[in-house]
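The residues making up each chain are set out below.
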Amino acid sequence: MSFLNPATSAADVTLGKTGLTVPLSSGPRYFNYFWLRDNCPSSFSSETRERTFDIFHLAAPPTARSAYLDWDALVINWAEEDHVTRMPVAWLEAYAEGKRRADPADLPRKAWYGDHYDAVARFTHAQLLSDKTAVRDWLEAILVEGIAIVRDMPDSDAALTELVELMGQVRPTFFGTYFDVRTHIKPTNSAYTAGALELHTDTPAEEHAPGVQFLHMRANTVTGGRNLFGDGVAAAEDFRRIDPEGFRLLAETDVPFYCEHDTYDMRSYQRIIELDRHGAVEGVTISQHMLDLMDLPQEQLDAWYPAFCRFGKLLQDDRYIMRFTLNAGECIVFDNHRIVHGRAAYSATSGERYLRGTYADRAEMRSSYRALVTEGRFKASNS
């Protein structure tokens, strides 16, 4: 038996033609009938957590015969079907303003500069395999700073797979499931030489480039070859302040990238500076060796190319670049849409340098992080 909240009455809920108005702590709020019926708690399976109710099967648009507040719930008796909805008022409060559902993985990014190396978040392979709290902190570091280092990696192919699967699944590219960086006699990529590798993000020629990159150093005894890493968010936000018009051009103009060999011809259009839904810099896409022939009108290039060069020179400034040596047994994990990376030249005959890499998707990283930090919409409602 339910008891009417003494602070309310049936008259407090106002029925309309297309929806109803409920008195909430923030004031009277309107809710559409379709939305209320579609999101009735009974519309979802407690086992699959998926919606089992199909609103397409309603014979007529939903309307309320009556509705009232019963303590902490809105109760709706539907007019066109034998169904009662009981919806928590706290749930209505959360969605009253039509805002996106709160996302624990939508964390503010923390920009960093060239002096950041000692402060880069570090974890051990064994720690991550045994401690979910450490996994949460690892994922959070990549979400916030875009980079982390995993130490004490076993010298095996399986170790890298184990690490990726703590975040999601291995994401293949046109290079394959994994790639091995050694000096090749007939290289098909600039990375497979001993020469310097300019700052870049990987596989921009893919329509949806992989979001997270893993580079596991298996052996490194060569002379030279220091790693270069920079935060595209820090550089791009500075560029916004220094050169607003140049920033706008790079953030609004789609430009072509390519990667072509005998068995593939990959092409895409990307923006050099990527913005998120808040208008903040989310990252960059840049690769001099994969930038395709610019097919913009020549007059447009009069402004675009100088802006591109100004940003590229800024990005290479010592202020933004960490320079260090990734040692054998270390794996650097970073956001491929944010962090630019490169390498100084090294002597191929001075020792051995072997690096194995792969990718995962940012969406899976965010998914894993959400699962670790929140009970989720359905766990909370069913507890």
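Residues numbered from 1 in each chain as written. Predicted model: local features only at pLDDT ≥ 70, side-chain atom pairs only at ≥ 80, totals over all residues. Heavy atoms only, no water.

K.L.:
Account for the overall build of the protein chain, naming residues and giving values.
P.N.:
Helices and strands together make up the secondary structure of the protein chain, namely ten helices and 20 strands. Out of the 383 residues belonging to the protein chain, those deemed buried represent 48%. Contacts in the protein chain between residues at least 24 apart in sequence constitute 74% of all its contacts with a sequence separation of at least 6. Here the protein chain displays about 19200 Å² of accessible surface, and carbon together with sulfur accounts for 51% of that area. Both charge centroids of the protein chain, one from 40 positive and one from 55 negative side chains, sit 2 Å from each other. (Helix = DSSP H or I, 4+ residues; strand = E, 2+ residues; numbered from the N terminus. Buried < 20%, exposed > 50% of the residue type's maximum accessible area, 1.4 Å probe, protein only. Contact = heavy atoms within 4.5 Å. Areas by Shrake-Rupley, 256 points an atom, 1.4 Å probe, with all protein chains shown as cover. Lys, Arg positive; Asp, Glu negative; His and termini not counted. Charge placed at Lys NZ, Arg CZ, Asp CG, Glu CD.)

K.L.:
I'd love a proper account of the confidence of the model for the protein chain, names of residues and values included.
P.N.:
For the protein chain, the average pLDDT comes to 91, and 92% of its residues sit at 70 or higher. A low-confidence stretch, residues 1–11 stays under pLDDT 50, and its non-local contacts, those more than four residues away or across chains, total 16 contacts. Taken as a whole, residues 184–192 scores under 50 in pLDDT and shows 18 contacts with residues more than four places along the chain or in a different chain. (pLDDT = per-residue confidence, 0-100.)

K.L.:
Describe the pairing of strand S20 (residues 353–360), listing the residues and the values that go with them.
P.N.:
Across the eight residues that make up S20, a large majority, eight, are buried. Burial along S20 is two-sided: Arg353, Leu355, Gly357 and Tyr359 and Tyr354, Arg356, Thr358 and Ala360, pointing in opposite directions, are all buried. Relative to S20, strand S9 (residues 179–181) runs antiparallel, the two being bridged by three bridges. Within S20, the position partnered with Val181 by the bridge is Leu355. Pairing geometry for strand S11 (residues 212–220) and S20, over eight bridges, is antiparallel. Bridged to His216 within S20 is Arg356. (Pairing = 2+ DSSP bridges.)

K.L.:
I'd like a rundown of the sheet that holds strand S4 (residues 64–70), residues and numbers included.
P.N.:
With antiparallel pairing, the three strands of this open sheet are ordered in space as S4-S5-S6. Bordering the open sheet on either side are S4 and strand S6 (84–88), each of which pairs with just one other strand. Across the sheet, the axes of successive neighbouring strands diverge by a mean angle of 15°, strand direction being ignored. (Axes fitted to C-alpha atoms, helices over the stretch in contact; angles between N-to-C directions.)

K.L.:
If you had to explain the packing of aromatic side chains to someone new, which residues and values would you point to?
P.N.:
Applying the stated criterion across every chain, the model contains 16 aromatic pairs. Here the aromatic rings of Phe174 and Tyr264 are separated by 5.1 Å at their centres, their planes lie at 45°, and the arrangement is tilted. Remark: Tyr264 occurs in strand S14 (residues 264–270) and Phe174 occurs in the loop between helix H5 (157–165) and S9; sequence separation between them is 90 residues. An angle of 50° between the planes, with centres 5.2 Å apart, marks the rings of Phe239 and Phe311 as tilted. Taken together, the residues Phe239 in helix H6 (residues 232–242) and Phe311 in helix H8 (residues 298–315) connect sequence positions 72 residues apart. Relative accessible area serves as the criterion here: at 2%, Phe239 is assigned to the buried category. (Phe/Tyr/Trp six-rings, centres within 6.5 Å; stacked < 30°, edge-to-face > 60°.)

K.L.:
Any details on the pattern of salt bridges? Residues and values, ideally.
P.N.:
If you walk through the whole model with that rule in mind, you get 29 salt bridges. Here Asp276 makes a salt bridge to Arg109, at a shortest N to O gap of 3.0 Å. Taken together, the positions of Asp276 in the loop between strand S15 (273–275) and strand S16 (281–284) and Arg109 in the loop between helix H2 (89–95) and strand S7 (122–124) put the pair 167 residues apart, joining distant regions of the chain. Among the ionic pairs, Arg240 bridges to Glu237, the shortest N-O distance being 2.9 Å. With Arg240 and Glu237 both in helix H6 and three residues apart, this pair spans about one turn of that helix. (Salt bridge = Lys/Arg side-chain N within 4 Å of Asp/Glu carboxyl O.)

K.L.:
I'd like a description of helix H7 (residues 244–252), backed by residues and values.
P.N.:
Working note: α-helix, 3.6 residues per turn, so residues spaced by three or four point in the same direction. All of the buried residues along H7 are Gly246, Phe247, Leu249, Leu250 and Ala251. Tucked into the core, H7 has its buried residues touching H6, S15, S16 and H8.

K.L.:
Give me the lowdown on the sheet that holds strand S8 (residues 147–151), citing residues and values where you can.
P.N.:
Spatially, six strands are ordered S7-S8-S18-S11-S20-S9 in an open sheet, and the strand pairing comes out mixed. The sheet is open, and its two edges are formed by S7 and S9, each paired on a single side. Here the average twist between neighbouring strands, direction ignored, is 25°. Across five bridges, the pairing between S11 and strand S18 (residues 331–335) is antiparallel. Residue pairing for S18: Phe214 is matched across the bridge by Val333. Strand contacts of helix H4 (residues 132–145): S7, S8, S11 and S18, with the helix running at about 145° to S8, the strand carrying the most contacts. Sheet strands touched by H5: S8, S11, S18 and S20. Its angle to S20, the strand with the most contacts, is close to 30°.

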